[in-house]
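Analysis of the macromolecular model
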Amino acid sequence: MTASRKKYYSSMISCVTFITLSACAAGEVEVPIAVRIANATPAVSVTARGETTPVGTTNADAADDPAIWRNVADPAASLIVGTDKKAGVYVYGLDGKVRDFLDAGRVNNIDLKDGVAINGGTGILVVASDRNDVARAKLALFRLDPATAKLTALGTIDGGAGEAYGLCMGSDAAGLYAFIVLKDGTINQVALDASGATPTGRIVRSLKLDTQSEGCAVDDRTGTLYVAEEDVGLWRFDARASGSSTPTKIAAADGKNIVADAEGVAIAPIGEKDGYVLVSSQGDNAYVVYRIRDDAYVGRFRVVDGAIGGSEETDGIELMLGDFGPAYPGGLFIAQDGENGAAAQNFKLVAWADIVKALGLPQ
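Residues numbered from 1 in each chain as written. Predicted model: local features only at pLDDT ≥ 70, side-chain atom pairs only at ≥ 80, totals over all residues. Heavy atoms only, no water.

Quick look at the overall build of the chain
Counting secondary structure elements, the chain contains 4 helices and 25 strands. Overall size of the chain, expressed as C-alpha extent along the three principal axes, is 65 × 45 × 40 Å. Counting every position in the chain, which comprises 363 residues, the buried fraction comes to 56%. A separation of at least 24 residues holds for 51% of the contacts in the chain among residues at least 6 apart in sequence. Looking at the chain, you have 33 positive and 46 negative side-chain charges, and the mean spots of the two groups are 2 Å apart. (Helix = DSSP H or I, 4+ residues; strand = E, 2+ residues; numbered from the N terminus. Buried < 20%, exposed > 50% of the residue type's maximum accessible area, 1.4 Å probe, protein only. Contact = heavy atoms within 4.5 Å. Lys, Arg positive; Asp, Glu negative; His and termini not counted. Charge placed at Lys NZ, Arg CZ, Asp CG, Glu CD.)

Take a look at the structure:
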């Protein structure tokens, strides 16, 4: 959900902060973006070094979530997949140009894993949350060919009763999993097997947050699942199928560090157990960084206008460290842009090195 339709502080405290009590009595009140920014914790500014071609669906909230495949042998030839949640899945080069589009209907969040057993071989498995049936969630599976940048549909897997929304992937010694986040805050952990002619999956565990949730990311090193509950904040779960189902809150959507909605989630893994987890603070066009080892708040940044436009009302984000060629030598951060001027929505590409410098993070 974009901030243009979700700019509310419904509590009486928020009403007292921004408007009169009499207005509060009339119900929820839209808080102007300038007020939300002024009341939030200050954020440093960075600019994008690239952007993708806009999605094909115009005049709509359409682009949603990106994922990254890094070409180790030729980093500049890495690929980005991203969803148009009204139409299907795009594949882009790092130059932002469209390399492929697959009509998959209403797919929302997306993630991928390389080195997965697929159809008797190994390859890049792409999985998206499929909401074509709002009463019954599905996972849509695709194979990404790195040589041609083409997607091949492999089929769908049941994701449980409810509307599909968020999705992220993780793996451990027991196998490969997709975590599908339903709109009501249910999170189903699905064991995946794409090794045969037809992919299969089964729900091995269900987790729950109280209200609408979407963005998620898995840290395979620590076995941790991070999930953003839109109006509440950022949580972590044990990602192991045998682990505890009790969540731990990392940060609240308090109008300061995170301004609702809390949306996309991404991870910057550093070393064996440290690094950063990032969450999109959609309500004030910012991104918040927390340290993994102790859940400590680190800082906030915005992607502002430069040679390329900034990003606003962000849904999905993704981050991958490593060499991506001259423009992104230390890593690539991607943010969905919910405004993008007069054009349709797209994705902005930011060098992780620029974020590190702006926030003064250890090199």
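Let us keep going from here.
Quick notes on the sheet that holds strand E25 (residues 346-351)
The antiparallel open sheet is built from 4 strands, whose spatial order is E2-E25-E24-E23. Edge positions in the sheet fall to strand E2 (50-51) and strand E23 (317-321), since each has one partner strand and no second. Seen against the sheet, helix H4 (residues 352-359) touches E23, strand E24 (331-337) and E25 and runs at an angle of roughly 65 degrees to E25. (Pairing = 2+ DSSP bridges. Axes fitted to C-alpha atoms, helices over the stretch in contact; angles between N-to-C directions.)

Here's the deal with the packing of aromatic side chains
Under the criterion given, the structure shown has 8 aromatic pairs. Centre to centre, the rings of Tyr 290 and Tyr 297 are 6.0 Å apart; their planes meet at 70 degrees, and the pair counts as edge-to-face. Residue class for Tyr 290 comes out buried when judged on its relative accessible area of 3%. On the basis of an interplanar angle of 75 degrees and a centroid distance of 5.4 Å, the ring pair of Phe 301 and Phe 333 is categorised as edge-to-face. Separated by 32 residues along the polypeptide, Phe 301 in strand E22 (residues 297-304) and Phe 333 in strand E24 bring together distant segments of the chain. In textbook terms, an aromatic cluster arises when at least three aromatic residues are bridged by ring pairs, as seen for Tyr 90, Tyr 92, Phe 101 and Phe 347. Between the NZ or CZ atom of Arg 70 and the centre of the ring of Phe 324, over which it lies, the distance is 6.0 Å. (Phe/Tyr/Trp six-rings, centres within 6.5 Å; stacked < 30°, edge-to-face > 60°. Lys NZ or Arg CZ within 6 Å of the ring centre and 35° of its normal.)

With respect to the confidence of the model for the chain
When pLDDT is averaged along the chain, the result is 93, and 92% of the positions lie at 70 or above. Across residues 3-26, confidence stays below pLDDT 50; counting only partners more than four residues off in sequence or on other chains, it has 39 contacts. (pLDDT = per-residue confidence, 0-100.)

Topic: the nonpolar core
Most often, soluble globular proteins have nonpolar side chains that are buried together. Within the largest apolar cluster, 21 residues are counted, with the highest numbers of intra-cluster contacts made by Leu 278, Phe 301, Phe 333, Trp 352 and Ile 355. Among the secondary structure elements, those contributing two or more residues to this core are strand E19 (262-270), strand E20 (274-281), strand E21 (286-291), E22, E23, E24 and H4. One finds Ala 137, Leu 139, Leu 176 and Ala 178 within the second-largest nonpolar core, a separate group that totals 19 residues. (Core = buried A, V, L, I, M, F, W, Y, C linked by side-chain atoms within 4.5 Å.)

Things to note about the sheet that holds strand E14 (residues 200-208)
Reading across the sheet, the 4 strands line up as E11-E12-E13-E14 and stay open at both edges, with antiparallel pairing between neighbours. Among the strands making up the open sheet, the edge pair consists of strand E11 (164-172) and E14. Ignoring strand direction, the axes of neighbouring strands in this sheet form an average angle of 25 degrees. Pairing of E11 with strand E12 (residues 175-182) involves 8 bridges; the strand directions are antiparallel. If you follow Leu 167 over to E12, its bridge partner there is Ile 180.

Digging into the side chain of Asp 64
Take Asp 64: it is sitting in strand E3 (residues 63-69). Its relative accessible area of 1% is what places Asp 64 among the buried residues. Within the local environment of Asp 64, its side chain forms a polar contact with the side chain of Asn 109, the two groups lying 2.8 Å apart. Not counting chain neighbours up to four residues away, the residues in contact with Asp 64 comprise Thr 83, Lys 85, Asn 108, Asn 109, Glu 214, Asp 315, Gly 316, Gln 336 and Phe 347. (Polar contact = N/O pair within 3.5 Å; in protein donor to acceptor, adjacent residues only side chain to side chain.)

Points about the pattern of salt bridges
Within the structure shown, the criterion is met by 18 salt bridges. Across the pair Arg 136 and Asp 158 runs a salt bridge, and its minimum N-O distance is 2.8 Å. Remark: Asp 158 occurs in strand E10 (residues 150-161) and Arg 136 occurs in strand E9 (residues 136-145); sequence separation between them is 22 residues. Taking the relative accessible area as the measure of exposure, Arg 136 reaches 35% and is therefore partly exposed. Residue Asp 158 is classed as partly exposed on the basis of its relative accessible area of 35%. The structure contains a network of salt bridges with shared partners spanning Asp 61, Asp 64, Lys 85 and Asp 315. (Salt bridge = Lys/Arg side-chain N within 4 Å of Asp/Glu carboxyl O.)

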